[in-house]
Amino acid sequence: MAGLWILFAAALDSSAQQTLHHELEVEILHDAKTLRGTDTIRLPKGASRLRVAFRPGVRILGVGGAAYTQKEGVLDLNLETAHPSSNTVVLRYEGVFDDSFEAEPFSMDNPGQGVLGTITQDAAFFLAGSGWYPMIVEDIPETFRVSVTAPRGVYAVMEGRLETHADDPDRSLSIWSVARPSGPLAMFAGRYVVNERMHDKVRIATYFFPANAGLSTRYLDAVQRHIVRYEALHGPYPFAKFAVVENFFPTGYGFPSYTLLGSRVLRLPFIPDTSLRHEVAHCWWGNGVLVDATGGNWSEGLTTYVADYLSEEEHSFEQARAYRLRTLEKYALLAAGAQDFPLSTFRSRYNPASQAVGYGKAMFVFHMMRLRIGDTAFWAALRDIYAERLYKKTSWVHFMDAFAEHGGLGRDEVRFFYKQWITRPGALQLAIDSTRVVSAAGRPQVEGLLIQKSPRFNVRVPVEVVGGTISRRESVALDDAKATFSIRMEEAPRTVAADPDFDVFRLLYPEEIPATVDAVKGSNTLAAVLAEDSPEPWAEIFRGLLMGLNQGGTPVWSESRFAAEDSAGKDVLFFGMPKREKGRNLLSELGDAAELSAGAFRVGEDISSRNADTLFAVFKRNQRLVAVFLPVAGTEVETVVRTARKITHYGRYGRLSFKNGVNTGKGVGEASGSPLVVDLGDNS
């Protein structure tokens, strides 16, 4: 990449006929929450007209080198009329950026809270599309040299190659060159402590606020480790740098060559090996190989597969299996049914359902293809796509073609795979029936039927028979409503199971899903009940908790309303210990699973008020949910708020305890079983 940048600089004039270049100078005026800019635009040779868009509210201070007309924030520039021999126009502008944000939001379902641009006393946040620089309306290749002036010690970060961070007595200067932007540019600034190292020709850097500067080495080590891993898996790292940048409110963004993580996220001990790995992987998929979103955004699913999922697989088979199960749980709880949609229409996540499909289902598509064509062909196909499609817009179809070529799949087979998993919503609904044990050639043989409901899928379903000391597994082709299977054993079989390790994207049965926070998020029948005589602030805190649980539209009921309403068939969430008989009776029916009172609680052996002040627990009763958020009597309001904000982040768990807002215990209740597992004891 270093050589590529040198070649670009040398060839800039020769490529000018194809490229528009920005010399962009901006100044961040923190006290006024204002950005002031001058964009000197050099047009391709022969071009004389240009259309440029500004965000609403931005003031245009001057236009040099072109005659222009203006309508609804768009300038129509005519260089030929003003200066026939010039191909340069200068635009001066300024705008106020003051989008509101929450430092500790209840919900992270909308990444970045919808903030586009905002300036604080010591930092600034400008997403692509925020209008911090003039946007060219035409589809013309662009290059940039961006100079950002700010108060001393405030440095700007963006994609591209760093030319300098410099300070004089009063202000700082950051200069970045962008030779190959992947799209509109984002830019962020803050009073950062900068640490860096070189990995071959790649600059690895951290931009952390002073309070988190001590975390730098951990993050530099992790970035270097992830780059080495993905270079071996996919090919050379495609950018000049990778930077981990701290943000002043919660975000988890990935951009070409850097990531933007909120301060609280950075401090979580598992982030360097989880979320950070995901963002580094995006440099290959989504920011390196670009997304042609007209057919659906594949990059989140693939990045999830090679980062989040693969890290679990590298630990153990059991952890990978558990990850697949959790992915299916999220789909069943949050997306299946009315909120489902085809992957071909996914662009980005905006709520739990969109994440369950665009990340989870897409991840499963890659997993099923890997199982179909084998590891060697799968990873070779990804390497070829990376080598051939780097910096190019790429669609699901390109992946299907590569998998077909490397995996020896026929055109019709890969076309059908694409059609059923990418262009249709839904998941396989699988059943097992008519199982029996017969004798064949003196050995026991297990026979049965696999059945699927509509919509039908053409899939290969693993079926496993387990005996006392051995097991045998076969892949059964299910391309119609039913398929038979027959598996011969060398000893008496005990059980037979369809898809025992959750390798097929299918709709789980309720019995396969434990009671979790995600189950509350996915409830369509939730009754939210505020305990009688609760402290005054609790009603507002409860509404925030519901928002974090994807239940922002659910009304809060008083206990008197709950007592009067017919709540049969409803899931119930109590905030505080209920005082009236109906609520107390419902909790008492949980039996020994929980001991709950206004002053103490115990759930199982590990969740107890002995080392905690607040409980969140979810239970199943006749396949309905009973959940409770229970601060023990006397818990301070600030602690209740702090804890309520955190519940949404523990979606996979059903039993949680906290002390002063810090998690002290977590666990998951057992699922009751699976209709896809059949006990053969009576037949063997």
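Just so we're clear, the structure is a prediction, and the values are computed from it rather than from any experiment.

> Explanation requested: unusual backbone geometry in the structure shown.
One can expect most non-glycine residues to show negative phi and most peptide bonds to be in trans. Omega for the bond connecting S454 with P455 falls within 30 degrees of zero, at 5°, which places this linkage in the cis form. Structurally, the position occupied by P455 is in the loop between β25 (443-452) and β26 (459-467). Despite not being glycine, E72 shows a phi value in the positive range, around 50°. Mapped onto the fold, E72 is located in the loop between β5 (67-71) and β6 (74-78). Positive phi outside glycine occurs at N550, with the angle close to 65°. Its place among the elements puts N550 in the loop between α13 (538-548) and β31 (556-558). We classify N550 as partly exposed; its relative accessible area is 29%.

> Looking at this model, I keep getting lost on the pairing of strand β37 (residues 624-631). Mind explaining?
The two faces of the sheet receive side chains in turn, since in a regular strand these alternate between them. Across the 8 residues of β37, 7 count as buried, placing the element largely inside the fold. Here 4 bridges tie strand β32 (residues 571-575) to β37, and the two strands are oriented parallel to one another. Bridging across to β37, L573 finds its partner in A627. Here strand β36 (residues 614-621) pairs with β37 via 8 bridges, running antiparallel. Directly across from F619, in β37, lies its bridge partner V626.

> Quick question: what am I supposed to make of the pattern of salt bridges here?
When the charged atoms of two side chains with opposite charge come close together, those side chains can pair. On inspection of all chains with the given rule, the structure shows 33 salt bridges. Salt-bridge contacts for R36 lead to E94; the nearest nitrogen and oxygen are separated by 3.0 Å. Of this pair, R36 sits in strand β2 (residues 34-42) while E94 sits in strand β7 (residues 88-96), and the two are 58 residues apart along the sequence. One salt bridge in this structure joins D273 and R225, with 2.6 Å as the shortest N-O distance. Note that D273 is positioned in the loop between α4 (263-267) and α5 (275-281) and R225 in helix α3 (residues 216-233), a separation of 48 residues in sequence.

> Is there a simple way to think about the nonpolar core in this case?
Nonpolar side chains in soluble globular proteins tend to be buried together. Within the largest apolar cluster, 130 residues are counted, with the highest numbers of intra-cluster contacts made by W285, F403, L450 and F616. It is helix α8 (residues 352-373) that contributes the most residues to this core, 12 residues altogether. With residues up to four places along the chain from it excluded, the contact list for L450 reads L430, A431, I432, V461, V463, V476, L478, A481, K482, A483, F485 and A498. Membership of the second largest hydrophobic core comes to 56 residues, among which are L43, F125, F144 and A186.

> Would you mind going over the packing of aromatic side chains with me for this structure?
Any pair of aromatic rings gets described here by the distance separating the centres and the angle formed by the planes. Considering all chains together, one arrives at 46 aromatic pairs under this definition. Their ring planes at 70° and their centres at 6.1 Å tell us that W285 and Y386 sit as a pair that is edge-to-face. Here W285 is found in strand β21 (residues 285-286), whereas its partner Y386 is found in helix α9 (residues 375-389), with 101 residues between them in sequence. With centroids separated by 5.4 Å and ring planes inclined at 75°, the aromatic side chains of W538 and F575 adopt a geometry described as edge-to-face. In this pair, W538 is assigned in helix α13 and F575 in strand β32, connecting sequence segments 37 residues apart. Judged on exposure class, the residue W538 and its partner F575 are both buried. Here the basic side chain of K582 rests over the ring of F562, its NZ or CZ set 4.4 Å away from the ring centre.

Criteria and cut-off values
Residues numbered from 1 in each chain as written. Predicted model: local features only at pLDDT ≥ 70, side-chain atom pairs only at ≥ 80, totals over all residues. Heavy atoms only, no water. Helix = DSSP H or I, 4+ residues; strand = E, 2+ residues; numbered from the N terminus. Buried < 20%, exposed > 50% of the residue type's maximum accessible area, 1.4 Å probe, protein only. Pairing = 2+ DSSP bridges. Salt bridge = Lys/Arg side-chain N within 4 Å of Asp/Glu carboxyl O. Core = buried A, V, L, I, M, F, W, Y, C linked by side-chain atoms within 4.5 Å. Contact = heavy atoms within 4.5 Å. Phe/Tyr/Trp six-rings, centres within 6.5 Å; stacked < 30°, edge-to-face > 60°. Lys NZ or Arg CZ within 6 Å of the ring centre and 35° of its normal.

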